[in-house]
Amino acid sequence: MHNITVYDHKIPALGFGTWKLSGADCVRAVGLALDIGYRHIDTAQVYENESDVGTALQSSGVPRKDIFLTTKIWMDNVRDGDLQKSAEKSLKKLKTDYVDLLLLHWPVHDVPLQEQLAALRAVQKSGQAKLIGVSNYTVAQMREAVEDLSAPIVANQVEYHPFISQKSVLDYARKNGLVLTAYSPLARGKVNDVPLLQELARQYGKNPGQIALRWLMQQDHVAAIPKAASEQHIRDNFNIFDFVLNEAQMQAISDLARPDGRLVNPQWAPQWDKVA
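Within every chain, residues take consecutive numbers counted from 1 along the sequence as written. In view of the model being predicted, local features appear only for residues whose pLDDT reaches at least 70, and side-chain atom pairs are presented and counted only at 80 or more, with totals across whole chains, interfaces and linings using the full set of residues. Hydrogens are left out, water is left out, and the side-chain values use all remaining heavy atoms of the structure.

Undergrad: Any chance you could explain the environment of R79 here in plain terms?
TA: The helix and strand labels rest on DSSP assignments: H or I over at least four residues marks a helix, E over at least two residues marks a strand, and numbering proceeds from the N terminus. Along the chain, R79 turns up in the loop between β5 (68-73) and α3 (82-94). Exposure categories follow from relative accessible area, calculated using a 1.4 Å probe and restricted to protein chains: below 20% of the type maximum is buried, above 50% is exposed, and the middle band is partly exposed. Taking the relative accessible area as the measure of exposure, R79 reaches 38% and is therefore partly exposed. The spacing of R79 and A173 is 94 residues in sequence and 26 Å in space, taken between C-alpha atoms. Whether two residues are in contact is decided by their heavy atoms, any of which lying within 4.5 Å being enough. Residues within four places of R79 in sequence aside, it is in contact with Q84, D110, V111 and E115.

See the structure below:
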């Protein structure tokens, strides 16, 4: 396991995602992930599982200070006042006094970004969020937040896997000391069907998903939050630190990116950055 340091805080590069996990299955999966050694847990208001994640954290036996916890403010809650109230509700569900990272889940255009970020900063200044960031932001939107509004955001959580290039976002993140957190890092299982990843998996005694996650872990300023429900997959996703891909292999995986590689593109998505 390795960490990414931003603003003197350490973010575990490999996290555990909880999208579509709920109820007892979520409690069990998060608890198992913590037992295995994950220390970065990711959730969101819209996942409707913050209470389940909180139960798992509380019963895990792992000290709260050792867990990096992220949640995200949903689009309906970004106005000043609404955001702070929704953050408090999230903390109650999560059964904790603070989150380590609080994100704006998607860009919202009918509320000034300055207002959204000011509300986010208010939560941070209150101590209820140690760090703040965004999700699904383009380079232009990151630039507005960082340069025009001087917001101390530390991360942009975006879809990132071998089928999609995030070079523009990643270049900007690195230049400005931000972390790119990769969601859907296994492309919803599609990485398992790629001959190149299958061949590398045979070479290293791993599976294609482990190869894809290792590719992400070897990229500077990149974190990843794979979601898994079964014990085997949760263990496999964590067991990626005992081998190293060489430069040619890294490039070959990067070359899998294609213009139609994006999987998450809801109607409210921004105009994504063009890729070469």
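There's plenty left to go through after this.
Undergrad: What is the right way to look at the sheet that holds strand β9 (residues 179-183) in this model?
TA: The strands that make up a sheet pair up through hydrogen bonds in the backbone, lying either parallel or antiparallel. Paired strands, as defined in this entry, are two strands with at least two bridges between them according to DSSP. Strand order in this open sheet of eight strands is β3-β4-β5-β6-β7-β8-β9-β10, and the pairing throughout is parallel. Bordering the open sheet on either side are β3 (16-17) and β10 (222-224), each of which pairs with just one other strand. Bridge count for strand β8 (residues 153-159) against β9 is five bridges, and the pairing is parallel. Considered in β9, the bridge of Q157 is made with T181.

Undergrad: Teacher, can you tell me more about the environment of H40 here?
TA: As for its position among the elements, H40 is in strand β4 (residues 40-42). Classification of H40 by relative accessible area gives buried; the value is 2%. Along the chain, H40 and A224 lie 184 residues apart, while their C-alpha atoms are 9.7 Å from each other. When residues no more than four places from it in sequence are discounted, the contact partners of H40 are I11, P12, L14, G15, F16, F68, T70 and I225. A distance of 2.9 Å separates a polar side-chain atom of H40 from the backbone oxygen of P12. Think of a polar contact as two N or O atoms within 3.5 Å of one another; within protein, one of them needs to be a possible hydrogen donor and the other a possible acceptor, and neighboring residues in sequence only count if both atoms come from side chains.

Undergrad: Got a minute to help me understand the packing of aromatic side chains in this structure?
TA: Each aromatic ring pair is summarised here by two numbers: the centre-to-centre distance and the angle between the ring planes. Working definition: rings of Phe, Tyr and Trp (its six-membered ring) pair if their centres are within 6.5 Å, and the pair is stacked with planes under 30 degrees apart, edge-to-face with planes over 60 apart, and tilted otherwise. In the structure shown here, the tally under the stated rule is seven aromatic pairs. Look at F16 and Y38: their rings are 5.5 Å apart centre to centre, the planes differ by 70°, and that puts the pair in the edge-to-face class. You can see F16 sitting in strand β3 and its partner Y38 sitting in the loop between α1 (23-36) and β4, a full 22 residues away along the chain. For the pair shown, F16 and Y38 are each scored as buried. Three or more aromatic residues joined by ring pairs make a cluster, and in this case those are W74, W106, W268 and W272. Counting as a charge over the ring demands two things of the Lys NZ or Arg CZ atom: a distance within 6 Å of the ring centre and an angle within 35 degrees of the ring normal. Across the ring face of F163, the terminal group of R258 is positioned such that the distance to the ring centre comes to 4.8 Å.

Undergrad: Even after reading the chapter, I still don't get the side chain of T138, so can you show me in this structure?
TA: By secondary structure assignment, the location of T138 is in the loop between β7 (129-135) and α5 (139-148). Leaving out residues up to four positions away in the same chain, T138 has contacts with P270, Q271, W272 and D273.

Undergrad: When you look at the pattern of salt bridges in this model, what are you seeing that I'm missing?
TA: Any two side chains of opposite charge can pair, given that their charged atoms come close. The term salt bridge refers to a pairing of a side-chain nitrogen on Lys or Arg with a carboxyl oxygen on Asp or Glu at a separation within 4 Å. Inspection of every chain in the model, using the stated rule, returns nine salt bridges. Across the salt bridge formed by R64 and D100, the nearest N and O atoms sit 3.0 Å from each other. A residue pair is termed long-range when its members are at least 10 positions apart, and R64 in the loop between α2 (50-59) and β5 and D100 in strand β6 (residues 99-104) qualify at 36 residues. Taking the shortest distance from any N to any O, the salt bridge between E231 and R235 comes out at 2.9 Å. Within this pair, E231 and its partner R235 are both found in helix α9 (residues 231-238), separated by four residues, close to a single helical turn. Judged by its relative accessible area of 41%, E231 falls in the partly exposed class.

Undergrad: Looking at this model, I keep getting lost on the packing of α1 against α2. Mind explaining?
TA: Relative placement of two packed helices is described by the angle separating their axes and the distance separating the axes. α2 packs onto α1 with a crossing angle of 40° between their chain directions and a minimal axis gap of 8 Å. Classified by the angle between their axes, α1 and α2 sit oblique to one another. Where α1 crosses over α2, the two elements pack in a sense that is right-handed. Residues G23, C26, V27, V30, G31 and L34 of α1 touch α2, and the partners they reach there are D52, V53, T55, A56 and L57. Among the residues forming the contact of α1 with α2, the class breakdown is seven nonpolar, three polar and one charged. All axes here are fitted lines through C-alpha atoms, helices being fitted over the stretch that makes contact, and every angle between N-to-C directions spans 0 to 180 degrees. Geometric relationships in this document are graded by angle, where less than 35 degrees denotes roughly parallel, more than 145 denotes roughly antiparallel, 65 to 115 denotes roughly perpendicular, and other angles denote oblique. Handedness of a crossing is defined here by the sense of rotation of the near helix relative to the far one, left-handed for an anticlockwise turn of less than a right angle and right-handed for a clockwise turn. Residues were grouped as follows: Ala, Val, Leu, Ile, Met, Phe, Trp, Tyr, Cys and Pro as nonpolar; Asp, Glu, Lys and Arg as charged; and all remaining residues, including Gly, as polar.

Undergrad: Can you walk me through the pairing of β9 in this structure?
TA: Sheet faces and side chains relate simply in a regular strand, where the side chains alternate between the two faces. Of all five residues in β9, five are buried, a share of seventy percent or more. With its strands directed away from the observer, a crossover is right-handed exactly when the path from the first strand over the helix to the second travels clockwise. You can see the chain leave β8, run along helix α6 (residues 167-175) and come back into β9, and the turn it takes is right-handed. Relative to β10, β9 runs parallel, the two being bridged by three bridges. Bridge pairing links L180 to V222 in β10.

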